[in-house]
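The primary structure of each chain is shown beneath.
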Amino acid sequence: MLSKLAEVAKRNPFNNPIVQKASCETDTPATRGVKAASADDQYSCEYGSAKYYAICGFGGILSCGLTHTAVVPLDLVKCRIQVDPAKYGNLLRGIRITVAESGIRGLGLGWAPTFLGYSMQGLFKFGCYEVFKALYSNLLGEERTYVWRTSLYLAASASAEFFADIALAPMEAVKVRMQTQPGWETTLRTGVPRIMREEGLWGFYKGVVPLWGRQIPYTMMKFACFERTVEFLYRYVVPKKRDECTKPEQLVVTFAAGYIAGVFCAIVSHPADTIVSKLNADVGSTMVQAAKDLGWKGMWKGIGPRILMIGTLTALQWFIYDSVKVTFRLPRPPPPEMPESLKKKRLALQQQGQ
């Protein structure tokens, strides 16, 4: 399976000639060109190899697990505002009430399921995105991949998030109950057995459908907006090509594009996020009932803290993920450019129209 994926990745249009020649093997022919030798020294493995996907998955674990855990206080207050807006009101009021009731440590409630759940989600989100991006671009071919690249980003990220949310759902169920149900368990080791005892296995997955409703649009926006923003920045803002930028300069562009993508992500996915919080807080509730109870206006409660949280979080995620690629010397193809064959076709059409 992995060998087939590697072959697909070699053929996909997101790859480039130098990256294709970059290999983890050291026994390359003596007749290789200068570019191939340079690529072998520059990269630690071949684009699309098992090692490449494994390191991308590891980068996803770090980027999602660490960042989501770091913003647990914001997430906790946001969830409580969504479930009980009359009591918690806004971000500052929610923080004051939480600290008054539980002390400063109360802001860290739910960090363990957050770390485990989002680490697993990151593994599938980033790792599978790279896989699906290579697969779909290979199916489309070079020219259609460039023309339909936004649709490709959307499809690859949606496919990856479908599996990522299945991995996330159990820990998300524990986390939300810990943060929003007064008197519920306060540790992961006691929360998991309680859900199993009271609700069975379905208790861990009853929120997976609204989770898909929240996370799939979020991830589609996260990846497509990021990819196109990076392309825009290098084309119109950064005064030189990416290959001419230093690694720190490239990571600054990554962070900026990630923050822009994060703001849009928060807006697109917020109503579903509120439903997830309400659904997990009210035992026995359904997705439709939770939506009715909240109403359209209620679904937007907590949007301010979430924009702040998701914007920062998304920027840091992309920064960490790209830093992992740089650290492990993974191939990082530049933003896509129009294939020569497509340029010739368009030039021919222009000449015919004159």
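About the cut-offs
Residues numbered from 1 in each chain as written. Predicted model: local features only at pLDDT ≥ 70, side-chain atom pairs only at ≥ 80, totals over all residues. Heavy atoms only, no water. Helix = DSSP H or I, 4+ residues; strand = E, 2+ residues; numbered from the N terminus. Expected span 1.5 Å × (residues − 1). Buried < 20%, exposed > 50% of the residue type's maximum accessible area, 1.4 Å probe, protein only. Arc of directions from axis to C-beta. Contact = heavy atoms within 4.5 Å. Core = buried A, V, L, I, M, F, W, Y, C linked by side-chain atoms within 4.5 Å. 1 Å grid on protein atoms, 1.4 Å probe; cavity = no way out; pocket = protein on both sides within 12 Å on 5 of 7 lines; lining within 4 Å. Points joined across faces, edges and corners; volume = space filled by probe spheres on them. Nonpolar A, V, L, I, M, F, W, Y, C, P; charged D, E, K, R; others polar. Salt bridge = Lys/Arg side-chain N within 4 Å of Asp/Glu carboxyl O. pLDDT = per-residue confidence, 0-100.

Visitor: Before we move on, can you summarise helix α11 (residues 188-199) with the specific residues and values?
Guide: For an α-helix, the turn length of 3.6 residues means that residues three or four places apart are oriented alike. Between the first and last C-alpha of α11 there are 16 Å, a value that for twelve residues agrees with the 16 Å anticipated at 1.5 Å per step. Turning to α11, its buried residues are L188, G191, R194 and I195. Down the axis of α11, the buried set is contained in an arc of 125 degrees. They therefore lie on one face. When the buried face of α11 is taken as reference, the exposed residues oriented beyond 90 degrees from it are R189 and R197. Looking at the buried side of α11, the elements it contacts are α8 (111-140), α10 (149-180) and α12 (202-205).

Visitor: An account of the nonpolar core is requested, with residue identities and associated values reported.
Guide: The biggest cluster of nonpolar side chains holds 38 residues, and the ones touching the most others in it are Y52, F126, Y129, F226, Y234, W318 and L330. For this core, the secondary-structure elements that each account for two or more residues are α4 (50-70), α8, α10, α13 (208-237), α14 (247-281) and α16 (303-327). By residue number, the principal contributor to this core is α13, which donates nine residues. Ignoring sequence-local partners within four residues, the contact set of L330 consists of Y43, S44, C45, Y52, I55, C56 and K325. Within the second largest apolar cluster, 17 residues are counted, among which are I81, I97, L107 and M178.

Visitor: Talk me through empty space enclosed by the protein; I want residue IDs and the actual numbers.
Guide: One simple way to see leftover space: roll a probe sized like a water molecule over the atoms. Applying the stated criterion across every chain, the model contains three cavities of 30 Å³ or more. Computed from the structure, the largest cavity encloses a volume of approximately 420 Å³. Every residue lining the largest cavity is counted, 25 residues in all, and those nearest its centre are K133, F226, E227, R242 and P333. At the level of secondary structure, the elements contributing two or more residues to the lining of the largest cavity comprise α8, α13, α14 and α16. The greatest single-element share of the lining of the largest cavity, amounting to five residues, is contributed by α13. Taken together, the residues of the lining of the largest cavity break down into 15 nonpolar, two polar and eight charged. The space that makes up the second largest cavity amounts to roughly 130 Å³. Lining the second largest cavity are 13 residues, and of these H68, Y118, R306, M309 and I310 sit closest to its centre.

Visitor: I'd like a rundown of the pattern of salt bridges, residues and numbers included.
Guide: Tallying each qualifying case throughout the model produces 17 salt bridges. For K175, the salt bridge identified is with D75, shortest N-O distance 2.6 Å. In this pair, K175 sits in helix α10 while D75 sits in helix α5 (residues 72-83), placing the two residues 100 residues apart along the sequence. The salt bridge partner of R194 is E185, with a shortest N-O separation of 3.4 Å.

Visitor: Account for the confidence of the model for the chain, with residues named and values stated.
Guide: The pLDDT averaged across the chain works out to 84; a share of 86% of its residues lies at or above 70. Across the chain, the element-wise mean pLDDT spans from 39 in helix α2 (residues 17-21) up to 95 in α8. Confidence over residues 17-39 falls short of pLDDT 50; this stretch has 26 contacts with residues more than four positions distant or in other chains.

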